[in-house]
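# Coordinates in review
Now for the letters of each chain:
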Amino acid sequence: MRKFTSRAAAKLFAVAGLLALSSQAACVTDVGTEGDTEETASQGDQLSYAPIGFASVFGTGAPPALWAYNSSGGGINVTSSGTGLYNVTFAGLGSAGGNVQVVAIGTNNSRCKVGSWGASGSDEVVHVRCHTASGSLVNSPFVVRFARPDGGYDGNGAYLWSGWAAPPENTPFNVDPTYSWNSSGGTNRVVRLDDGLYQAFLPGLSGAGGSVEITAYGGGSEHCKVGGWGALSGETFVNVYCFSSTGAPANTNFTLNYLAPKQVGAYNYGAYLWAHSSTGSDYVPSSIYSHNTGTDLYSSCPGYLGDNTAGRWATGYYYARHSLLSALHSAPHITAYGSDSSYCKPSTWDSWGDGTEVRLRCFNGTGSPVNTRFVETYTSSLTRGPS
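Residues numbered from 1 in each chain as written. Predicted model: local features only at pLDDT ≥ 70, side-chain atom pairs only at ≥ 80, totals over all residues. Heavy atoms only, no water.

### Overview of the overall build of the protein chain
The helix and strand inventory of the protein chain stands at one helix and 25 strands. Counting over 387 residues, the protein chain shows a buried share of 57%. Taking the intrachain contacts of the protein chain between residues at least 6 apart in sequence as the baseline, contacts between residues at least 24 apart amount to 68%. Of the accessible surface of the protein chain, which amounts to about 13600 Å², a share of 52% is contributed by carbon and sulfur atoms. (Helix = DSSP H or I, 4+ residues; strand = E, 2+ residues; numbered from the N terminus. Buried < 20%, exposed > 50% of the residue type's maximum accessible area, 1.4 Å probe, protein only. Contact = heavy atoms within 4.5 Å. Areas by Shrake-Rupley, 256 points an atom, 1.4 Å probe, with all protein chains shown as cover.)

### Comments concerning the nonpolar core
One recurring pattern in soluble globular proteins: nonpolar side chains tend to sit buried together. Ile214, Trp229, Val238, Val240, Phe254 and Leu256 are the most contacted members of the largest nonpolar core, which has 27 residues in total. For this core, the elements supplying multiple residues, two or more each, are β9 (157–161), β13 (197–203), β14 (211–217), β15 (223–232), β16 (235–243) and β17 (253–259). In this structure Leu256 touches Asn99, Gln101, Ala158, Tyr159, Leu160, Ala200, Val212, Glu213, Ile214, Val238 and Val240, once residues within four positions along its chain are discounted. Ala68, Leu93, Trp117 and Phe142 belong to the second-largest nonpolar core, a separate cluster that totals 23 residues. (Core = buried A, V, L, I, M, F, W, Y, C linked by side-chain atoms within 4.5 Å.)

### Considerations on empty space enclosed by the protein
Summed over the entire model, instances satisfying the criterion amount to two cavities of 30 Å³ or more. Here the largest cavity is characterised by a volume of approximately 220 Å³. Looking at the largest cavity, it is lined by 22 residues, and the ones nearest its centre are Arg111, Cys112, His223, Cys224 and Tyr343. When contributions to the lining of the largest cavity are tallied by element, the ones reaching two or more residues are β5 (99–104), β6 (111–120), β14, β15, β22 (330–337) and β23 (343–352). (1 Å grid on protein atoms, 1.4 Å probe; cavity = no way out; pocket = protein on both sides within 12 Å on 5 of 7 lines; lining within 4 Å. Points joined across faces, edges and corners; volume = space filled by probe spheres on them.)

### Observations concerning the state of the cysteines
Scanning all chains against the criterion turns up three disulfides. Covalently, Cys224 is tied to Cys242 through a disulfide, its sulfur atoms 2.1 Å apart. Between Cys224 and Cys242, the S-S torsion sits near 110°, and that sign places the bridge as right-handed. On the criterion of sequence distance, the pair formed by Cys224 in strand β15 and Cys242 in strand β16 is long-range, its members being 18 residues apart. Judged by its relative accessible area of 0%, Cys242 is buried. What pairs with Cys344 in a disulfide is Cys362, and their sulfur atoms sit 2.1 Å apart. Between Cys344 and Cys362, the S-S torsion sits near 110°, and that sign places the bridge as right-handed. Linking Cys344 in strand β23 with Cys362 in strand β24 (residues 355–363), this pair joins segments that are 18 residues apart in sequence. Take the cysteines of the protein chain that form disulfides and number them in order along the sequence; they join up as 1-2, 3-4, 5-6. (Disulfide = S-S within 2.5 Å.)

### Re the packing of aromatic side chains
According to the stated counting rule, one finds 17 aromatic pairs in the structure shown. Residues Phe54 and Tyr69 carry aromatic rings whose centres are separated by 5.8 Å and whose planes lie at 35° to one another, so their mutual orientation is tilted. Note that Phe54 is positioned in strand β1 (residues 52–57) and Tyr69 in strand β2 (residues 68–70), a separation of 15 residues in sequence. Grouped by ring-pair contacts, the aromatic residues Trp117, Trp161, Tyr179 and Tyr217 constitute a single cluster. In this structure, Arg111 packs its charged tip against the face of Tyr343, placed 4.5 Å from the ring centre. Here the guanidinium or amino end of Arg321 rests over the ring plane of Tyr319, the centre of that ring lying 3.9 Å away. (Phe/Tyr/Trp six-rings, centres within 6.5 Å; stacked < 30°, edge-to-face > 60°. Lys NZ or Arg CZ within 6 Å of the ring centre and 35° of its normal.)

### So, the environment of Trp274
Positionally, Trp274 belongs in strand β18 (residues 270–275). With 10 residues separating them in the primary sequence, Trp274 and Val284 have C-alpha atoms 9.9 Å apart.

### Some words on the sheet that holds β5
Overall, antiparallel pairing links the four strands, which are arranged β2-β1-β8-β5 in an open sheet. Two strands in the sheet have a free side with no partner beyond their single neighbour: β2 and β5. When strand polarity is set aside, the average angle formed by the axes of neighbouring strands in this sheet is 15°. Alignment of β1 against strand β8 (residues 142–147), held across six bridges, turns out to be antiparallel. Considered in β8, the bridge of Phe54 is made with Arg145. (Pairing = 2+ DSSP bridges. Axes fitted to C-alpha atoms, helices over the stretch in contact; angles between N-to-C directions.)

### Description of unusual backbone geometry
Of note in this structure, Asn170 is not a glycine but carries a positive phi near 60°. Within the secondary structure, Asn170 sits in the loop between β9 and β10 (173–174). The partly exposed category is assigned to Asn170, whose relative accessible area is 43%. Positive phi, normally seen in glycine, also occurs at Lys262, with a value near 70°. One can find Lys262 in the loop between β17 and β18.

The analysis is restricted to geometry; functional conclusions fall outside its scope.
Pasting the structure below:
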């Protein structure tokens, strides 16, 4: 298996300093505790994307209502055009642009990606491809999420579709504005540093922390992951690594979603965390890269938010726990973290204690269980607090 060259590593150091590629390098001095946030239990404003739909897909037809959501009030329907090929229709969400994230569900080593997406009349249709670890198409459950700003107050963050798999090295290019959004008004750009190694720049977003979601895009069997992110010179950079089904670096398109600090998914309900330990049995992730909007509605302390913990049960078998958040009407997304070809996926999620536990599996590039760090986002359409 070919690894990234020292030349590529040197480029990353030169361009952005790799603030988040070592086990704790992404962690900087916390600017405050979660109790210092301005959010309160009574806050119900839509702080993130307004048009949004997500679903946990286990076959064709309508996904289970308890794990699906469409902000338009319309239905969601899934069809298949062949083995491992799915079409997810979100009624009433159709228009140009937006961002899509996809991840496979289950305990095996299959993985899923975005094939394409676009409007069909008033509906939005997302095409999903699922593959075995060796790259063959295979039927697999998955989570899919589509989101798009509505021109109002959409919170802080950015997304993009890279749109150019193999541009000249070290030549930044502005991404397609139709599939790019930045709450600061800045123009997002991407540069390819080597085969399968990209860096996205999100100008005007300079807060420390937040979270990142990445999904490979296109007709092949490639997969992508986050290699680190951080703030530098008034903008956020994100390092992206992409691989073929053999685990070798590969040029491919991808979709990226950046959640600015204290901003989460649908209407800012949910959680995210960076699991910075690949072997820890039970630990609290860095507060800079961890957030939970769950609120104890019976607490006399306004602004109290839920907690996140993470840990490992066995090789490649992990959990992420979010207190005070319901397991219903929600969708997890997992992105493996690092520079190797590992990838991760949720296996299941359910009520745990006063919140939700997301269980996940991680594999090396050829499909064997492996210990690795990861980034997890838990999007919910419910108000804060358990159901």
